[in-house]
Amino acid sequence: MPLDAPSAGSPRSRAEPLLAGFALAVALGIAALVLLARLGASQTWIDGGYWAMGIAVAAAIAMGSGARRPSLAAPVFGGLAIASATVSAAFFLALAGAIFAWGHDGLAFPLGLGAGCLLLQLTIAPRLAQSGARSLLEFFAVRYPGRAARMASAAVVIISMLTLLVAELMAAGLIGVRLLGIDYAAATIVAAGAVLACFVVRAAGGGSLLNGLLFPVLLVALLVPLVQLSATWYDLPLPQLAYANALWQVQGLEETLLEQELADPAYMKPMLTAFVSLTPTNFLGIVLGLAVGVAVLPSLLNEQLLAARPAREARWSALWGLIFVVLLLTLVPAVAAYAKLSVATLIADRTPTADLPAWIFTYGKLGFVHICGRAATDAAAVAQACAALPDVSTALRLHDLALDPDIVTLALPEITGLDPALLGLIAAAGLATALATAHGPLGVIVGALIGDRSAAAGSAPRTQRFTSYGIAAAMLAAAAFGALARPAGIIEVATWAFTLAAAGLFPALFAALWWHRASAEGAAAAMLAGLVVTLIYLLGTHYFAVPFFEATSGLSSAGPSGQEYFAELKEAWLAAEPGAAKEAAWAALDAHARSSADWWGISSLAAALLALPAGIAALVVVSLVTPPPRGTETAP
């Protein structure tokens, strides 16, 4: 497809033939790779084929972006696009890992996404579609005229969507590491290049609707292994029901591990016990941040929703999006339960460290599995690491095993002993989704920086389009740099993105739709207050924990004893001799500060509990002390 995309008046094909062709091509591609594996082809080539297939699917979505959406069941198709944008590759890969690692408390993430779709359907979608705007920034420009609101909304959009791009590239890099066996940095850079190529092909203004084609692929990629496991283990091919048996088995195995001293009670997080990893307040904060973030997500409030006319169609599209998202989210706990059961069984069987399954070493060589504090590259390395522990054990124990939660969904077929082809299916689906859905946040960023929707669209003059390509390349380079730094797990980075969007945009958007007294000055104040509070809290607790704790220790949940211990550690650091001793003292000081640098015990993942009230207060106060907007500005 040429760089010069067809203009708005050019004839465009219907999407129905693309649907059929897309499904047939994906099915044939998977069948060909499975057949090659059965014929004895090298697993390296097969894994590379799944990587290439993921890129090819994303490229096909990009090249088909000029097609009109289907005339039949248009709300259903719009709902698929909403579901793809909501879940994306980051949550697709990381949600099950959060439940695997945190047990009951990990349910905050899927609950937040589902609640966000409901909030979108009830309060945002119909009114916003009725406004006639084609994007969230365009709506703000009409409702809140003036430079202040425009610049504030652009800042929030750029920062939040850039953070979401980081999470998407982290997911794509993880898949590349597993399939290609290459360095994480190389896989991430290749993925960023593929995103840029897809962006150039379909231009920076549309094509998001066809991302809905990816959601059935994601659904099938999870359903196939889960149905097979449910039918094999419990004679019930309904994962949403069958995995309850796995939960009870996991609970029994956890008790067995404690009785046989194969697990440290301080390390174990029982899967069915609530509020072990999170306090109720932080659980609520994560749900709130994700729910509000989904409802105002700039990459979602774009073509796939706002193109729906009339407003009734937008409501139905959002409803179908809710149904599809909930359908996938009900599968996520099953993934976590089946993976947890397999790992717990491995430990309960007192598996010797010399007889560990191959998947542990596969992911250990990639740096995702550690045993006894060392990467599990092979049996010899594991035996040597465990022999160095003060309490040596010949059998694997729960607290000896550290598994990166980000790999749980991807590694499910290997962990549970299924056909390796299912790994390729999950990986290809996740990669295609990461590359395709990254167009949404990237296009929104370009539009915010250019400031003119026509300059970001495919119908813009050539010079403006090339300007948008340059901006996209710069933003992808920044996102790739952030992904290479790996500031946290995928689920945490994606949650930060949604929280930034929620804190910066929700008060202003909700007021724009439901409170006619809200002024442009009030909206700008709300956006900046929410953004600044969130950034200070995220950056302070993660990168500047020591000065953050010193400056705000009175708000910390550590209490007087924690403050006294911090003072002792700081004195020890100041008194330590330069070199290893000083570095060790700083590490202890920083570790304590990280565990104590909070306000009233609120986690950084629950920062919406702090930022949303700040934004709402700023909106109300500033709006009431500034002149009311003109009548033409208040119409939704």
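Now for a look at the structure at hand. (Residues numbered from 1 in each chain as written. Predicted model: local features only at pLDDT ≥ 70, side-chain atom pairs only at ≥ 80, totals over all residues. Heavy atoms only, no water.)

**Some thoughts on the overall build of the protein**
On a plain count of helices and strands, the protein comes out with 27 helices and three strands. Relative to its full complement of 636 residues, the protein shows a buried share of 56%. Across the protein, the fraction of contacts at a sequence separation of at least 24, relative to all contacts at a separation of at least 6, is 82%. (Helix = DSSP H or I, 4+ residues; strand = E, 2+ residues; numbered from the N terminus. Buried < 20%, exposed > 50% of the residue type's maximum accessible area, 1.4 Å probe, protein only. Contact = heavy atoms within 4.5 Å.)

**Observations regarding the side chain of Thr351**
Mapped onto the elements of the fold, Thr351 is located in the loop between helix H13 (332–348) and helix H14 (358–365). Residue classification places Thr351 among the buried residues on the basis of a relative accessible area of 10%. There is a polar contact of 2.6 Å between the side chain of Thr351 and the backbone oxygen of Leu346. For Thr351, the residues in contact, after removing those within four places along its chain, are Leu346, Leu356, Thr394, Ala395 and Leu396. (Polar contact = N/O pair within 3.5 Å; in protein donor to acceptor, adjacent residues only side chain to side chain.)

**Observations concerning a nonpolar patch on the surface**
The grouping of Ile616, Val620, Val621, Leu624 and Val625 at the surface amounts to a nonpolar patch, some 450 Å² of accessible area in total. Here Val620 falls in the partly exposed class, since its relative accessible area comes to 33%. (Patch = residues over 30% accessible without salt bridge, like charges linked within 9 Å, V, L, I, M, F, W, Y side chains within 5 Å. Areas by Shrake-Rupley, 256 points an atom, 1.4 Å probe, with all protein chains shown as cover. Salt bridge = Lys/Arg side-chain N within 4 Å of Asp/Glu carboxyl O.)

**Focus on unusual backbone geometry**
The general pattern is negative phi for most residues beyond glycine and trans for most peptide bonds. Its identity as a non-glycine residue notwithstanding, Asp235 has a phi of 55 degrees, on the positive side. Tracing the backbone shows Asp235 in the loop between helix H8 (214–234) and helix H9 (239–259). On the accessibility criterion, Asp235 (68% relative accessible area) is exposed. With a phi close to 55 degrees, Arg350 is a non-glycine residue in the positive phi region. When you line up the elements, Arg350 lands in the loop between H13 and H14.

**Looking at the environment of Thr495**
Assignment of secondary structure puts Thr495 in helix H21 (residues 490–514). In this structure Thr495 comes out as buried when scored by relative accessible area, which is 1%. Between the C-alpha atom of Thr495 and that of Gly289, which follows or precedes it by 206 residues, the distance is 7.7 Å. Setting aside its immediate chain neighbours within four residues, Thr495 contacts Phe91, Phe109, Leu290 and Leu605.

**Points about the pattern of salt bridges**
Working definition: two side chains of opposite charge can pair if their charged atoms are close together. Overall, the coordinates contain seven salt bridges when judged by the stated rule. A salt bridge links Arg486 to Asp404; its shortest N-O distance comes to 3.9 Å. Taken as a pair, Arg486 in the loop between helix H20 (462–485) and H21 and Asp404 in the loop between strand S3 (401–403) and helix H16 (408–415) lie far apart in primary sequence, 82 residues in all. Connected via shared salt-bridge partners are Asp47, Arg178 and Glu414.

**Structural notes on the packing of aromatic side chains**
Counted under the stated rule, the structure contains 19 aromatic pairs. Following the ring pairs from residue to residue traces out a cluster consisting of Phe139, Phe140 and Tyr144. Across the ring face of Trp573, the terminal group of Lys582 is positioned such that the distance to the ring centre comes to 5.0 Å. (Phe/Tyr/Trp six-rings, centres within 6.5 Å; stacked < 30°, edge-to-face > 60°. Lys NZ or Arg CZ within 6 Å of the ring centre and 35° of its normal.)

**Comments concerning the packing of H21 against helix H22 (residues 520–543)**
At a minimum axis distance of 6 Å, the contact between H21 and H22 shows a crossing angle of 155 degrees. Regarding the angle of H21 to H22, the classification is roughly antiparallel. Of the two possible hands of crossing, H21 and H22 adopt the one that is right-handed. Here Trp496, Thr499, Leu500, Ala503, Gly504, Pro507 and Ala508 of H21 lie close against H22, whose contacting residues are Ala523, Ala526, Met527, Gly530, Leu531, Thr534, Leu535, Leu538 and His542. (Axes fitted to C-alpha atoms, helices over the stretch in contact; angles between N-to-C directions. Parallel < 35°, antiparallel > 145°, perpendicular 65-115°, else oblique. Left-handed = near helix turned anticlockwise from the far one by under 90°.)

**Examining helix H15 (residues 379–387)**
When H15 is considered as a whole, its buried residues turn out to be Ala381, Val382, Ala385 and Cys386. Here the buried residues of H15 occupy an arc of 125 degrees about the axis, which is enough to place them on one side. Opposite the buried face of H15, by more than 90 degrees, sit the exposed residues Ala380 and Gln384. Taken together, the buried residues of H15 touch H14, strand S1 (369–371) and strand S2 (374–375). (Arc of directions from axis to C-beta.)

**Description of the state of the cysteines**
Evaluation of the coordinates by the stated rule reveals one disulfide. Across the disulfide from Cys372 sits Cys386; the S-S distance is 2.0 Å. With the S-S bond torsion at 85 degrees, the cross-link from Cys372 to Cys386 turns out right-handed. Residue Cys372 is found in the loop between S1 and S2, and its partner Cys386 is found in helix H15; the two are separated by 14 residues along the sequence. By the burial criterion, Cys372 is buried, and Cys386 matches it. (Disulfide = S-S within 2.5 Å.)

**Observations concerning the side chain of Ser84**
Within the secondary structure layout, Ser84 lies in helix H3 (residues 74–102). Within polar-contact distance, the side chain of Ser84 engages the backbone oxygen of Asn211 at 3.0 Å. In this view, Ser84 contacts Asn211, Gly212, Leu214, Phe215 and Thr437; residues no more than four positions away in its chain are not counted.

**Concerning the sheet that holds S2**
Strand order across the open sheet formed by three strands is S2-S1-S3, with antiparallel pairing between neighbours. Pairing within the sheet leaves two strands with one partner each, and these edge strands are S2 and S3. Bridging between S1 and S3 involves three bridges; their strand directions are antiparallel. Looking at S3, one finds that Ile371 is bridged to Leu401. Relative to the sheet, H14 contacts S1, S2 and S3, its axis offset from that of S1 by approximately 110 degrees. (Pairing = 2+ DSSP bridges.)

**Notes on the nonpolar core**
One broad rule of soluble globular proteins: the nonpolar side chains tend to lie buried together. Within the largest apolar cluster, 204 residues are counted, with the highest numbers of intra-cluster contacts made by Tyr144, Val369, Ile371 and Leu509. Residues in contact with Val369, not counting those within four places in the same chain, are Trp359, Ile360, Tyr363, Gly364, Arg374, Ala375, Ala376, Leu401, Ala402, Leu403 and Ile407. By size, the runner-up hydrophobic cluster in this structure holds 15 residues, among which are Val546, Phe548, Phe566 and Trp599. (Core = buried A, V, L, I, M, F, W, Y, C linked by side-chain atoms within 4.5 Å.)

**Some words on the environment of Tyr338**
Its location among the elements puts Tyr338 in helix H13. The spatial distance from the C-alpha of Tyr338 to the C-alpha of Ile415 is 8.9 Å, given a sequence separation of 77 residues. Sequence-distant contacts of Tyr338, defined by excluding residues within four places in its chain, comprise Leu226, Leu229, Ser230, Trp233, Tyr234, Pro239, Ala242, Tyr243, Ala246, Leu412 and Thr416. A distance of 2.7 Å separates the side chain of Tyr338 from the side chain of Ser230, its partner in a polar contact.

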